[in-house]
Amino acid sequence: MAHFEIYVKDVEAGKAFYSGLFGWDFAPMPGGEEMEYNLASGPGLGGDLTIGMMKRPDEAHPAGSAVRGGTMTFDVLDCDIIYTWALANGGAEALPPTDFPGVGRCAYVEDGQGNIVGMITSAEGS
């Protein structure tokens with residue numbers, strides 16, 4: 001797994017929680033301003049695993065209810081090819097292939113089971 005996302009209703013409160021819990025620092029990701037996207041750094045992160053945090057696009061389930069989960073994003077050789085395959089094999093568009101400067105090209109699909117999975121072709125040198 002290359003990347004995991006955490007969805008929060010209040011980004012500042014989420015950053016404070018995970019900073020305290022795991023010692024992570026957060027920095028805004030260029031191009032992710034609209035969704036208040038932040039990348040985490042710190043103990044256990046970097047190399048093969050990155051963490052992102054963003055404003056939840058819907059209402060969170062109340063504490064103690066069904067688990068909603070996060071989004072797992074996996075490194076792929078060609079984001080566009082894998083995205084096209086996913087749509088042709090029961091997936092639905094969640095985010096079409098998009099370039100994020102300094103990060104790479106990524107896309108998200110719904111898997112037909114209520115989950116969203118991401119794919120990223122990392123930028124050269126990332």
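That block above? That's the structure.
Residues numbered from 1 in each chain as written. Predicted model: local features only at pLDDT ≥ 70, side-chain atom pairs only at ≥ 80, totals over all residues. Heavy atoms only, no water.

A.B. asks: Describe the sheet that holds strand 5 (residues 71-75), and please don't skip the residues or the numbers.
C.D. replies: Spatially, 2-3-4-1-5-8-7-6 is the arrangement adopted by the 8 strands of the open sheet, whose pairing is mixed. Looking at the sheet topology across the chains shown, the edges are occupied by strand 2 (25-28) and strand 6 (92-100). Pairwise comparison of adjacent strand axes, ignoring direction, gives a mean angle of 25° for this sheet. As paired strands, strand 3 (residues 38-41) and strand 4 (residues 50-55) are joined by 2 bridges and run antiparallel to one another. Looking at the pairing, Leu-39 lines up with Gly-52 of strand 4. Running at roughly 150° to strand 4, helix 1 (residues 11-22) makes contact with strand 1 (3-8), strand 2, strand 3 and strand 4 of the sheet. (Pairing = 2+ DSSP bridges. Helix = DSSP H or I, 4+ residues; strand = E, 2+ residues; numbered from the N terminus. Axes fitted to C-alpha atoms, helices over the stretch in contact; angles between N-to-C directions. Contact = heavy atoms within 4.5 Å.)

A.B. asks: I'd like a description of the layout of surface pockets, backed by residues and values.
C.D. replies: Taken as a whole, the largest pocket spans an internal volume of roughly 1,200 Å³. Around the largest pocket, the lining comprises 43 residues; the ones closest to its centre are Glu-5, Tyr-7, Thr-71, Thr-73 and Tyr-108. Counting residues per element, the ones that place at least two in the lining of the largest pocket are strand 1, strand 3, strand 4, strand 5, strand 6, strand 7 (104-110) and strand 8 (116-122). Of the residues forming the lining of the largest pocket, the biggest block, 4 residues, is contributed by strand 5. Classifying every residue of the lining of the largest pocket gives 21 nonpolar, 15 polar and 7 charged. (1 Å grid on protein atoms, 1.4 Å probe; cavity = no way out; pocket = protein on both sides within 12 Å on 5 of 7 lines; lining within 4 Å. Points joined across faces, edges and corners; volume = space filled by probe spheres on them. Nonpolar A, V, L, I, M, F, W, Y, C, P; charged D, E, K, R; others polar.)

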